[in-house]
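# Summary of structural features
Below are the chains, spelled out letter by letter.
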Amino acid sequence: MTINPAQPGTAVALFSGGLDSILACRLVMAQGITVKAVRFVTPFFGYELLAREEDYRREVAAQFGIDVQLRDLSEKYLAMLRNPAHGYGKNFNPCVDCKILIASETRLMMEELGASFMISGEVLGQRPMSQRRDTLRIIEKASGCEGILLRPLCALNLPETIPEKEGTVDRGRLLAFRGRTRQPQIALAASMQIDDFPSPAGGCMLTDPNRAGRVRKFYEENETVAPADILLLTIGRQFHLPAGGWLVLGRNEGENALLAGLLQPGDIFLWCEESWPGPSAVLRRSAAGRDLEAAVELIKGYSKKGEGRERAVVLWQLYDG
Ligand code: SF4
């Protein structure tokens, strides 16, 4: 890690990839401040970007003029999700603790990035749980970011931060957005010639009732949860087998291919004999493959009948990394 001396004119941005975070960066950059954006990813949001980080960075730079980097927060996030101090939202989404964790991690990066303060695209009152005035305060305090976390889109509704007091940021050029309406953001984007931006819902799996329900149940049933488990949990047909194994069947060719890429040492990969239409599968957490027979039968049940033969021939292999 390279340590850079803090520059008053450098900020690090908590970057979600959504419009609000793009606007927050651009608003501060318009004051001549260097912004280094960080997008945290976990298996619940943004994880697929890790496989194409360089392309993603190029796209964001070309489209919005923003210098962004990715950080994988999976391990700490999965630990936090088991028991978030501020509880869950409507589904299994720990929004307040998610923001505290992300702000804490960003603060820890300030020295590395030579930043003297942080910015985020939060808007007062935009979300019921995590963007109330009292919650914004809680996030600042719990993450150790009091006075250094500037929210440019709604700064005029909030107390002055240190970079404003010190004159690094001109408070007169910050905004007073508030509430759930998106119109001010859309108008601001238009004034900045930003016309192609992601939708606000922005794809956090933990706000989706079905997938969040699966994740919650998995946490209830397992003492340890790894990123690879979450990735496997969110695709295909899921089965609990009699001897405790966890079987996931692909529902189509795309999922079959994805499953093959999610294998972990100790998993058993199963597939139908070549040219036979049927699912591939991953069998995980099965002691010595004791559920193998049940897994093979399930795959046969979900495979199509072939010419001259009633049932698929299923092959399998232990994956050892
Ligand atoms: S919706 Fe998901 S990513 Fe956003 S704050 Fe909540 S838990 Fe975090």
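Because the structure is predicted, anything quoted here is derived from the model rather than measured.

Around the ligand sit Phe-45, Tyr-77, Pro-94, Cys-95, Cys-98, Cys-204 and Thr-207, and that is every residue in its neighbourhood. Tallied by class, the residues present in the shell around the ligand amount to 6 nonpolar, 1 polar and no charged.

Our next topic: the layout of surface pockets. When its volume is computed, the second largest pocket comes out at roughly 320 Å³. Every residue lining the second largest pocket is counted, 16 residues in all, and those nearest its centre are Pro-43, Glu-48, Leu-231, Thr-234 and Ile-235. Partitioned by chemical class, the residues of the lining of the second largest pocket number 10 nonpolar, 4 polar and 2 charged. When residues of the lining of the second largest pocket are assigned to domains, at least three fall in each of domain 1 (7-205) and domain 2 (235-318).

If you check the backbone angles, Gln-193 has positive phi at about 60 degrees while not being a glycine. Within the secondary structure, Gln-193 sits in the loop between helix H7 (183-191) and helix H8 (209-221). Phi at Arg-285 takes a positive value of approximately 55 degrees, unusual for a residue other than glycine. Of note, Arg-285 is situated in the loop between strand E9 (281-284) and helix H11 (292-302).

Moving on: the sheet that holds strand E7 (residues 246-249). Pairing is antiparallel across the open sheet formed by 5 strands, whose spatial order is E6-E7-E9-E8-E10. Looking along the sheet, the strands with just one partner apiece sit at the ends: strand E6 (237-240) and strand E10 (314-318). Put simply, the sheet's adjacent strands are angled 20 degrees from each other on average, direction ignored. Bridge count for E7 against E9 is 4 bridges, and the pairing is antiparallel. Looking at the pairing, Val-248 lines up with Val-282 of E9. Against the sheet, helix H10 (residues 253-261) makes contact with E7, strand E8 (268-272) and E9, and its axis sits at roughly 140 degrees relative to E7, the strand it touches most. Running at roughly 30 degrees to E8, H11 makes contact with E6, E7, E8, E9 and E10 of the sheet.

Let us now look at the domain arrangement of the chain. Often, the extent of an interface is quoted as the loss of accessible area on bringing the components together. Domain boundaries assigned for the chain yield domain 1 (7-205) and domain 2 (235-318). Between domain 1 and domain 2, the C-alpha centre-to-centre distance is 41 Å.

Conventions used here
Residues numbered from 1 in each chain as written. Predicted model: local features only at pLDDT ≥ 70, side-chain atom pairs only at ≥ 80, totals over all residues. Heavy atoms only, no water. Near = heavy atom within 4 Å. Nonpolar A, V, L, I, M, F, W, Y, C, P; charged D, E, K, R; others polar. 1 Å grid on protein atoms, 1.4 Å probe; cavity = no way out; pocket = protein on both sides within 12 Å on 5 of 7 lines; lining within 4 Å. Points joined across faces, edges and corners; volume = space filled by probe spheres on them. Domains from an automatic or database assignment. Helix = DSSP H or I, 4+ residues; strand = E, 2+ residues; numbered from the N terminus. Pairing = 2+ DSSP bridges. Axes fitted to C-alpha atoms, helices over the stretch in contact; angles between N-to-C directions. Contact = heavy atoms within 4.5 Å.

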